[in-house]
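# Examination of the molecular architecture
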Amino acid sequence: MEIKDNIFGAFVNTFGEGGDIRVYFAPGRVNLIGEHTDYNGGHVFPCALTIGTYAVARQRRDRRLRLFSSNFRDLGIIESDLDDLKPYPEADWTNYVKGIIWAFKEKGMEVDKGMDLMLYGNIPNGSGLSSSASVEVLTGFILRDLFGFDVTNLDLALIGQFSENKFNGVNCGIMDQFAIAMGKKEQAMFLDTATLDYKYAPVKLAGMKIVISCSNKKRGLADSKYNERRSECEKALEELKKKVDIETLGDLTPEEFDKISDTLKDEVIRKRAKHAVYENARTVSAVEALNANDITRFGQLMNESHVSLRDDYEVTGIELDTLVEEAWKVEGVVGSRMTGAGFGGCTVSIVKTPYIDRFKEAVGAAYLERIGYAADFYVVEIGDGPSRLK
């Protein structure tokens, strides 16, 4: 039985029969290269995945929200009200749903009836594969479908980012919501985050697969050093603007940055800016390599990205470094790097298919020995954006 049938049955068991019950899906995402560039006006290269978040929803006649997640059964049904859309800590994951309803209202689209909603996600929670952005885009997609709002998928991405920034207090860039809302099968998105210009680029991995290694170190973005890194980049930009006419760090080439980097007297601030500038250039080069079918070069750039995130941006930590450094030792690994915000979460590796089992075994054993608990591995495909399934 398919997941959509299982979750439909679970919804009926939880909320009862009757009414117009609909089933939806929104993917998770992985960023192949271009990390911590999306709030620095740089380029990113994410793709949607075939794993993600499923939802079953039914409009109510009153203004109640009854929300349940199969992934957090112990929390039970969390109830709320359209007249009390505030981010309460005890509301847990439902703050992402409420945040989108709030954001729609802020944008002039008021949701006037409540709903019963059940979610099931097969993205590892806290993994850095954007389970929260998946829930946000999915909620927006459901509101559009149930209430007939005139919004595009790009609007859903922007509303998701607005909600995460203003309602949930995470100062994220646009990449996660964009990759999920605009996903296309077997293609990654080369996105200029300063202009939102984007192109799809086919990811042809003949004889290779994308393997996600999940560190199982949980991290919460809002209370991590994410906002601190963003603020450090803003300080760097402010200083550099006194020297050059730029709007974002993404406007600088590495050569231009090197000429003026001594403007930044604080070494930490200088390292953060260096990562943003060089990572942007790496992302542009990586897409060129992919278009030229040079997957070896693409893999080298992934490796360089991780080194920069480890040494200049300092967002990796022992868990992610262990996963990547052990991956680099395994035959058949084309490239490997941390993906997502860091401080835990996942790595992404491109591995030649015959070596995948060896990769899982070798990296898994070394990780368990060094860290003391196991990592999980997911061989993933590149999938489409959000959809209604039933």
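In case you missed it, the structure is sitting above this.
The rules behind each value
Residues numbered from 1 in each chain as written. Predicted model: local features only at pLDDT ≥ 70, side-chain atom pairs only at ≥ 80, totals over all residues. Heavy atoms only, no water. 1 Å grid on protein atoms, 1.4 Å probe; cavity = no way out; pocket = protein on both sides within 12 Å on 5 of 7 lines; lining within 4 Å. Points joined across faces, edges and corners; volume = space filled by probe spheres on them. Nonpolar A, V, L, I, M, F, W, Y, C, P; charged D, E, K, R; others polar. Axes fitted to C-alpha atoms, helices over the stretch in contact; angles between N-to-C directions. Helix = DSSP H or I, 4+ residues; strand = E, 2+ residues; numbered from the N terminus. Left-handed = near helix turned anticlockwise from the far one by under 90°. Contact = heavy atoms within 4.5 Å. Salt bridge = Lys/Arg side-chain N within 4 Å of Asp/Glu carboxyl O. Buried < 20%, exposed > 50% of the residue type's maximum accessible area, 1.4 Å probe, protein only. Pairing = 2+ DSSP bridges. Core = buried A, V, L, I, M, F, W, Y, C linked by side-chain atoms within 4.5 Å. Phe/Tyr/Trp six-rings, centres within 6.5 Å; stacked < 30°, edge-to-face > 60°.

### Structural notes on empty space enclosed by the protein
To locate leftover empty space, one rolls a probe as large as a water molecule over the atoms. The tally for this structure, following the rule as stated, stands at 1 cavity of 30 Å³ or more. One number sums up the size of the largest cavity: a volume of about 50 Å³. Around the largest cavity, the lining residues are Arg-63, Leu-82, Leu-85, Ile-101, Lys-105, Glu-110 and Val-111. Within the lining of the largest cavity, the residues separate by chemical class into 4 nonpolar, no polar and 3 charged.

### Concerning the packing of helix α10 (residues 318-329) against helix α11 (residues 356-371)
Between α10 and α11, the shortest axis-to-axis distance is 9 Å and the interhelical angle comes to 145 degrees. Along this stretch, α10 crosses α11, giving a crossing that reads as right-handed. Judged by residue contacts, Ile-318, Glu-319, Thr-322, Leu-323, Glu-325, Glu-326 and Ala-327 of α10 engage Phe-359, Val-363, Ala-366, Tyr-367, Arg-370 and Ile-371 from α11. Residues that form the contact of α10 with α11 fall into these classes: 8 nonpolar, 1 polar and 4 charged.

### Comments concerning the pattern of salt bridges
Overall, the coordinates contain 32 salt bridges when judged by the stated rule. Two residues, Glu-314 and Arg-272, come together in a salt bridge whose shortest N-O distance is 2.9 Å. Here the residue Glu-314 occupies a position in the loop between α9 (295-311) and α10, and Arg-272 occupies one in helix α8 (residues 267-291), the gap between them amounting to 42 residues. With a relative accessible area of 4%, Arg-272 lands in the buried category. The closest approach of N and O atoms between Asp-312 and Lys-274, which form a salt bridge, is 3.9 Å. Linking Asp-312 in the loop between α9 and α10 with Lys-274 in helix α8, this pair joins segments that are 38 residues apart in sequence. On the accessibility criterion, Asp-312 (14% relative accessible area) is buried. Its relative accessible area of 32% is what places Lys-274 among the partly exposed residues. One salt-bridge network, in which partners are shared between bridges, spans Glu-228, Arg-229, Glu-232, Lys-271, Arg-272 and Glu-314.

### Observations concerning the side chain of His-43
Tracing the sequence through the fold places His-43 in strand β2 (residues 43-44). If we ignore the near neighbours within four places in the chain, the residues touching His-43 are Gly-34, Thr-37, Phe-190, Leu-191, Asp-192, Asn-280, Thr-283 and Val-284.

### Observations regarding the sheet that holds strand β7 (residues 187-192)
Sheet strands line up and pair through hydrogen bonds in the backbone, either parallel or antiparallel. Across the sheet, 3 strands lie side by side as β2-β7-β8; this open sheet has antiparallel pairing. The sheet terminates laterally at β2 and β8 (197-202), the two strands that pair on one side only. With 2 bridges connecting them, β2 and β7 associate as antiparallel partners. Paired with Val-44 across the two strands is Leu-191, which belongs to β7.

### Observations regarding the nonpolar core
Judged by nonpolar contacts, the single largest core of 46 residues is most densely connected at Ile-101, Phe-104, Met-115, Leu-117, Ile-142 and Leu-143. Of the residues forming this core, the biggest block, 9 residues, is contributed by helix α3 (residues 131-147). With residues near it in sequence (within four places) discarded, Ile-101 still touches Leu-65, Leu-82, Leu-85, Val-111, Met-115 and Leu-143. Core analysis: the second largest hydrophobic core is formed by 31 residues, Cys-47, Leu-129, Val-203 and Ile-210 among them.

### Quick notes on the packing of aromatic side chains
In total, this model carries 14 aromatic pairs according to the counting rule given. Taking 5.6 Å as the distance between ring centres and 45 degrees as the angle between the ring planes, the aromatic pair formed by Trp-102 and Phe-167 counts as tilted. Linking Trp-102 in helix α2 (residues 94-106) with Phe-167 in the loop between α4 (153-166) and α5 (175-181), this pair joins segments that are 65 residues apart in sequence. For the pair Tyr-198 and Tyr-200, a centre-to-centre distance of 5.7 Å together with 90 degrees between the ring planes defines the contact as edge-to-face. The class for Tyr-198 is partly exposed, based on a relative accessible area of 33%.

### A look at the layout of surface pockets
Within this model, the second largest pocket holds a volume of roughly 210 Å³. Residue lining of the second largest pocket: Gly-19, Asp-20, Arg-22, Arg-58, Gln-59, Arg-60, Arg-61, Asp-116 and Leu-146, and that is the complete set. Its residues placed into classes, the lining of the second largest pocket shows 1 nonpolar, 2 polar and 6 charged.

### Notes on the sheet that holds strand β3 (residues 46-59)
Sheet architecture is open: 6 strands sit in the order β5-β4-β6-β3-β1-β13, paired in mixed fashion. Of all strands in the sheet, those with a lone pairing partner are β5 (78-81) and β13 (387-388), marking the two edges. Across the sheet, α2 touches β4 (64-69), β5 and β6 (115-121), and the angle it forms with β4 is around 140 degrees.

### Points about unusual backbone geometry
The backbone of Asn-216 shows a phi angle near 60 degrees, a positive value even though the residue is not glycine. Within the fold, Asn-216 resides in the loop between β9 (208-214) and α6 (226-240). Asn-216 sits in the partly exposed class, given a relative accessible area of 25%. Although it is not a glycine, Phe-343 sits at a positive phi angle of roughly 60 degrees. Looking at the secondary structure, you find Phe-343 in the loop between β10 (333-339) and β11 (346-352). Relative accessible area serves as the criterion here: at 16%, Phe-343 is assigned to the buried category.

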